[in-house]
Amino acid sequence: MQYEYHYRVKTSDLWQASMYYAYSSYLAVINIVCIVSSIVLMIRLWDTSPAWFKGILIVFLLLFTVIQPLIVLLRAKSRLAGKFPELTLVFTEDGIRITADHEHQEKSWEQVLGLVSKPTIVVVYMADGNGYILRNSVLGNTKKAFVDFAKRMVAEHRVRRAG
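K.L.:
Requested: an account of the nonpolar core, with residues and values cited.
P.N.:
Counting residues in each nonpolar core, the largest one holds 32 residues, and the members touching the most others are Tyr5, Tyr7, Phe91, Trp109, Val124, Leu134 and Phe146. No other element matches helix H5 (residues 143-162), which puts six residues into this core. When neighbours within four sequence positions are excluded, tyrosine 7 is seen to be in contact with Pro85, Glu86, Leu87, Leu89, Ile133, Leu134, Arg135 and Val138. Core analysis: the second largest hydrophobic core is formed by six residues, Cys34, Met42, Leu61 and Phe64 among them.

K.L.:
Mind laying out the packing of aromatic side chains, listing which residues take part and the relevant values?
P.N.:
The description of an aromatic ring pair uses the distance of the two centres, along with the angle that the planes make with each other. Under the counting rule described, the total for this entry stands at nine aromatic pairs. Centroid distance tryptophan 52 to phenylalanine 53: 5.8 Å. Interplanar angle 80°. Geometry classified as edge-to-face. Here the aromatic residues Tyr3, Tyr5, Phe91, Trp109, Phe146 and Phe149 are joined through ring pairs into a cluster of three or more.

K.L.:
Give me the lowdown on the environment of glycine 114, citing residues and values where you can.
P.N.:
By the secondary structure assignment, glycine 114 is in strand S5 (residues 112-117). Residues glycine 114 and glycine 131 lie 17 residues apart in sequence; the distance between their C-alpha atoms is 9.6 Å. For glycine 114, the residues in contact, after removing those within four places along its chain, are Val123, Val124 and Tyr125.

K.L.:
Quick one: what's the story with the pairing of strand S6 (residues 121-126), residue by residue and with numbers?
P.N.:
With five of six residues buried, S6 lies mostly within the body of the structure. With five bridges joining them, S5 and S6 adopt antiparallel strand pairing. Following the sheet pairing, valine 116 is matched in S6 by valine 123. In textbook terms, the turn of a hairpin is the stretch between consecutive antiparallel strands, and for S5 and S6 this stretch comprises three residues. Sheet topology note: the S6/strand S7 (residues 131-135) ladder contains five bridges and is antiparallel. The residue bridging tyrosine 125 from the neighbouring strand is glycine 131, located in S7. Here S6 folds back onto S7, and the loop between the two strands holds four residues, one of which, glycine 129, carries a positive phi near 95°.

K.L.:
Summarise the side chain of serine 38; cite the residues concerned and give the values.
P.N.:
Secondary-structure assignment places serine 38 in helix H2 (residues 26-45). Setting aside its immediate chain neighbours within four residues, serine 38 contacts Phe60 and Leu61.

K.L.:
Residue-level account of the sheet that holds S5, with values.
P.N.:
On the basis of which strands lie adjacent, the open sheet formed by three strands has the order S5-S6-S7 and antiparallel pairing. Edge strands, defined here as strands with exactly one partner in the open sheet, are S5 and S7. Between one strand axis and the next, the sheet turns through 10° on average, direction left out of account.

K.L.:
Residue-level account of the sheet that holds strand S4 (residues 103-107), with values.
P.N.:
Read from one edge of the open sheet, four strands run S1-S2-S3-S4, paired in antiparallel fashion. Each edge of the open sheet carries a strand with a single partner, namely strand S1 (2-8) and S4. Put simply, the sheet's adjacent strands are angled 10° from each other on average, direction ignored. Looking at chain direction, strand S3 (residues 95-100) and S4 are connected through five bridges and run antiparallel. Its bridge partner being in S4, arginine 97 is matched across the sheet by glutamate 106.

K.L.:
Outline the pattern of salt bridges, listing residues and values.
P.N.:
Proximity of charged atoms lets side chains of opposite charge pair with each other. For the coordinates displayed, the defined rule picks out five salt bridges. For arginine 8, the salt bridge goes to glutamate 86, with nearest N and O atoms at 2.5 Å. One end of the pair, arginine 8, is in strand S1; the other, glutamate 86, is in strand S2 (residues 86-92), with 78 residues separating them in the sequence. Its relative accessible area of 31% is what places glutamate 86 among the partly exposed residues. Of the charged contacts in the structure, one is a salt bridge between aspartate 148 and lysine 144, with a shortest N-O distance of 3.0 Å. One end of the pair is aspartate 148 and the other is lysine 144, both in helix H5 and four residues apart, which spans about a single turn.

The rules behind each value
Residues numbered from 1 in each chain as written. Predicted model: local features only at pLDDT ≥ 70, side-chain atom pairs only at ≥ 80, totals over all residues. Heavy atoms only, no water. Core = buried A, V, L, I, M, F, W, Y, C linked by side-chain atoms within 4.5 Å. Buried < 20%, exposed > 50% of the residue type's maximum accessible area, 1.4 Å probe, protein only. Helix = DSSP H or I, 4+ residues; strand = E, 2+ residues; numbered from the N terminus. Contact = heavy atoms within 4.5 Å. Phe/Tyr/Trp six-rings, centres within 6.5 Å; stacked < 30°, edge-to-face > 60°. Pairing = 2+ DSSP bridges. Axes fitted to C-alpha atoms, helices over the stretch in contact; angles between N-to-C directions. Salt bridge = Lys/Arg side-chain N within 4 Å of Asp/Glu carboxyl O.

Set out below in C-alpha cells:
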C-alpha cells in the first residue's frame with residue numbers, strides 16, 4: 001500500500017496547525033474563559049460603563065478573537081519567510097520518502113512520533129522535531145484511509161520498537 005502526496009506548503013497550513021494546537025491545549029481553556037468573560041462583562045456593564053472602560057472591554061474581546069489569531073498568522077508567515085517549499089511525501093509500509101525542494105530523505109515509521117487528524121488537516125509528527133501538514137485539499141478522498149494506514153503503521157512499529 002502506498003499514499004503519495006505532492007503539494008506546496010502554505011502559510012495557512014502552519015496557521016491552522018498552530019491554532020489547532022493552541023485550542024487543544026490548556027491555553028484553549030484560558031482563551032475560552034476569557035472570551036466568555038469578556039462577552040458577559042460587555043453585556044452586564046455596557047450601559048453603566050464610561051467610554052474608556054467600554055474600550056477596554058472591546059480590546060479584551062478582540063485580544064482573543066482577532067489579535068491572537070493574527071499574531072499566530074504573522075508567526076507562520078515569518079517561519080516560511082516567503083518560501084513555500086514543494087513537498088512530495090510517499091508513505092509506504094517500509095517508511096516515508098520525503099522530497100523537499102529536490103532534496104530526498106527516507107524516514108522509518110519508528111521515527112514517527114504520532115499522527116493527529118483534525119477536521120481540515122492531518123499532522124505527522126517526527127522524532128527529529130519536524131512535522132508534515134497535509135491539508136484536506138492535498139489528501140482528497142484518501143484522508144480516512146491514509147489516517148487509518150498511518151496510525152496502524154505507527155502502532156505496529158511502536159510495538160516493534162518497545163519489544
